[in-house]
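Given next are the chains, with one letter for each unit.
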Amino acid sequence: MTTPYPSPDSRMPRRRAAWRALSALFLDTEVDPADVAVQLRATGFSLPELRQILRAEVAPVLGGNLLSAAGVWDAFDLSGLEDRFRAGRARPTLTGALALRVIRADWQAVEARFRAEQAPGS
């Protein structure tokens, strides 16, 4: 008997956890790369999958926060943003692309920590 391919809804709790962790990169606060990497590791997504979620879902929706003088500083209420994250997969935005440049160093630090946790003996 073959195992059926998991439905998109079965991955939604993991995806929500990834959105929550990645949203920290779009706040006007200092990022703790180790903390974000631990949260992302717990989602079970691979680094390429997380990059895609960051670029195609989170950045188009939250990117404007980094470009706003009156942006969110402490945490996003992600419950109201879920539909926008899902829709974001179909529409990359200029704001999202600019925000990815702004967070590049933080994302690279998160990736490095993510990979370090993957390394044998760590």
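*Asks:* Explain the nonpolar core to me, using residue names and the numbers behind them.
*Replies:* Side chains that are nonpolar tend, in soluble globular proteins, to be buried together. Counting 28 residues, the largest nonpolar core has Leu22, Leu25, Phe26, Leu40, Val58, Phe85 and Trp107 as the members making the most contacts within it. Sort the elements by how many residues they give to this core and helix H3 (residues 47-66) lands first, with 8 residues. For leucine 40, the residues in contact, after removing those within four places along its chain, are Ala18, Ala21, Leu22, Leu50, Trp107, Val110 and Phe114.

*Asks:* Residues and numbers for the packing of H3 against helix H6 (residues 104-118), please.
*Replies:* Between H3 and H6, the least distance of the axes is 11 Å, while the angle of their chain directions is 155 degrees. It follows that H3 is roughly antiparallel to H6 by the angle criterion. In terms of crossing hand, the pair formed by H3 and H6 is right-handed. Residue-level contacts link Leu47, Leu50, Arg51 and Leu54 of H3 to Trp107, Glu111, Phe114 and Arg115 of H6. Here the residues of the contact of H3 with H6 are counted per class, giving 5 nonpolar, no polar and 3 charged.

*Asks:* Tell me about a nonpolar patch on the surface, residues and numbers included.
*Replies:* On the surface, Leu67, Leu94, Leu98 and Val102 cluster together to form a nonpolar patch covering roughly 390 Å² of accessible area. Tracing the chain through its elements places leucine 98 in helix H5 (residues 94-102). Residue class for leucine 98 comes out partly exposed when judged on its relative accessible area of 40%.

Rules used in this analysis
Residues numbered from 1 in each chain as written. Predicted model: local features only at pLDDT ≥ 70, side-chain atom pairs only at ≥ 80, totals over all residues. Heavy atoms only, no water. Core = buried A, V, L, I, M, F, W, Y, C linked by side-chain atoms within 4.5 Å. Buried < 20%, exposed > 50% of the residue type's maximum accessible area, 1.4 Å probe, protein only. Helix = DSSP H or I, 4+ residues; strand = E, 2+ residues; numbered from the N terminus. Contact = heavy atoms within 4.5 Å. Axes fitted to C-alpha atoms, helices over the stretch in contact; angles between N-to-C directions. Parallel < 35°, antiparallel > 145°, perpendicular 65-115°, else oblique. Left-handed = near helix turned anticlockwise from the far one by under 90°. Nonpolar A, V, L, I, M, F, W, Y, C, P; charged D, E, K, R; others polar. Patch = residues over 30% accessible without salt bridge, like charges linked within 9 Å, V, L, I, M, F, W, Y side chains within 5 Å. Areas by Shrake-Rupley, 256 points an atom, 1.4 Å probe, with all protein chains shown as cover. Salt bridge = Lys/Arg side-chain N within 4 Å of Asp/Glu carboxyl O.

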